[in-house]
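Okay, here's what each chain looks like letter by letter:
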Amino acid sequence: MSYEKLDIYNIAFELFIETHQLSLQLPKYELYELGSQLRRSADSVVTNIAEGYGRNNYKGDFIKFLIYSQASCDETVCHLSKITILYPELNSGFKEKSEQYKLLGGKINNFIKYVQLNWRT
């Protein structure tokens, strides 16, 4: 099996692509500030799932990277929340992404619990 078969990876990857494109709607002066932070945290969600899976022979390492992914997911929600307040004219797209990342965070949390209870090293 590959990390590409994990639902959380596929959801995170799709959200990253959508979030990256959405972030380009920010005003030019935000593209390299809040927009860059948003893109990096969204990328970290998906990248940590892939990197953790690459270490799945070591249950502790796998869990550690899944926790990093979940933390980056929370960071992404935080950035999206700031954008919805600072730029209400862009609110609908960013607010929807925030809700999708919250759902993803729950799925990552459930997967962490699954790995803790069922993963064999």
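It should be noted that the structure appears before, not after, this text.
Attention in this report is confined to the structure presented alongside it. From a predicted model like this one, the values you see are computed outputs, not experimental measurements. (Residues numbered from 1 in each chain as written. Predicted model: local features only at pLDDT ≥ 70, side-chain atom pairs only at ≥ 80, totals over all residues. Heavy atoms only, no water.)

## What about the overall build of the chain?
Put simply, the test is: Segments assigned H or I by DSSP are reported as helices when at least four residues long, segments assigned E as strands when at least two residues long, and all are numbered from the N terminus. Only C-alpha atoms enter the radius of gyration, while the globule expectation follows 2.2 Å times N to the 0.38, with N the number of residues. Whether a residue is buried, partly exposed or exposed follows from its accessible area with a 1.4 Å probe, protein chains only, as a fraction of its type maximum: under 20%, in between, or over 50%, in that order. By definition in these notes, contact holds between two residues if any of their heavy atoms fall within 4.5 Å. Surface accessibility in these figures is a Shrake-Rupley result with a 1.4 Å probe; residues are shielded only by whichever protein chains are displayed. As used throughout, the charge tally considers Lys and Arg to be positive and Asp and Glu to be negative, leaving His and the chain termini uncounted. A single reference atom marks each charge: NZ on Lys, CZ on Arg, CG on Asp, CD on Glu.
Helix and strand content of the chain: five helices and zero strands. Counted from the first residue to the last, the chain has its helices and strands arranged as α-α-α-α-α. Radius of gyration (C-alpha) of the chain: 15 Å, near the 14 Å computed for a compact globule of 121 residues. The principal-axis extents of the C-alpha atoms in the chain amount to approximately 50 × 20 × 20 Å. When the 121 residues of the chain are sorted by exposure, 43% land in the buried category. The long-range fraction of contacts in the chain, counting pairs at least 24 apart against all pairs at least 6 apart in sequence, stands at 73%. Looking at the chain as shown, the accessible area adds up to about 6900 Å², and 52% of this sits on carbon and sulfur atoms. Charged side chains in the chain number 14 positive and 14 negative. The centres of these two groups are separated by 6 Å.

## Things to note about the nonpolar core
To keep it simple, the criterion reads: Here, nonpolar core means buried Ala, Val, Leu, Ile, Met, Phe, Trp, Tyr and Cys residues that are tied together by side-chain atoms lying within 4.5 Å of each other.
Counting residues in each nonpolar core, the largest one holds 32 residues, and the members touching the most others are Ile-8, Ile-49, Leu-66, Phe-94, Tyr-101, Leu-104 and Ile-108. Within the residue set of this core, elements represented by two or more residues are α1 (7-23), α3 (34-54), α4 (59-86) and α5 (91-118). What Ile-49 contacts, discounting residues up to four positions off in sequence, is Leu-6, Ile-8, Tyr-9, Ala-12, Leu-66, Ser-69 and Ile-108.

## Section: the environment of Asn-57
Relative to the elements of secondary structure, Asn-57 occurs in the loop between α3 and α4. Classification of Asn-57 by relative accessible area gives exposed; the value is 57%.

## Quick notes on the state of the cysteines
One way to say it: the disulfide is the covalent bond shared by the sulfur atoms of two cysteines. Definition in use: Two cysteine sulfur atoms make up a disulfide if the distance between them is within 2.5 Å.
In this structure the tally under the stated criterion is zero disulfides. Of all cysteine sulfurs, the one in Cys-78 lies closest to Cys-73, which takes part in no disulfide; the gap is 12 Å. Look at Cys-73 and you get buried, because its relative accessible area is 0%.

## Quick word on the pattern of salt bridges
To be explicit about the condition: The term salt bridge refers to a side-chain nitrogen of Lys or Arg lying within 4 Å of a carboxyl oxygen of Asp or Glu.
Scanning the entire structure with this criterion turns up four salt bridges. Notably, a salt bridge pairs Lys-97 with Glu-18, separated by 2.7 Å at the nearest N-O pair. You can see Lys-97 sitting in helix α5 and its partner Glu-18 sitting in helix α1, a full 79 residues away along the chain. Of the charged contacts, one joins Lys-102 and Glu-99 as a salt bridge, the two residues approaching to 3.4 Å between their closest N and O atoms. One end of the pair is Lys-102 and the other is Glu-99, both in helix α5 and three residues apart, which spans about a single turn. Taking the relative accessible area as the measure of exposure, Lys-102 reaches 45% and is therefore partly exposed.

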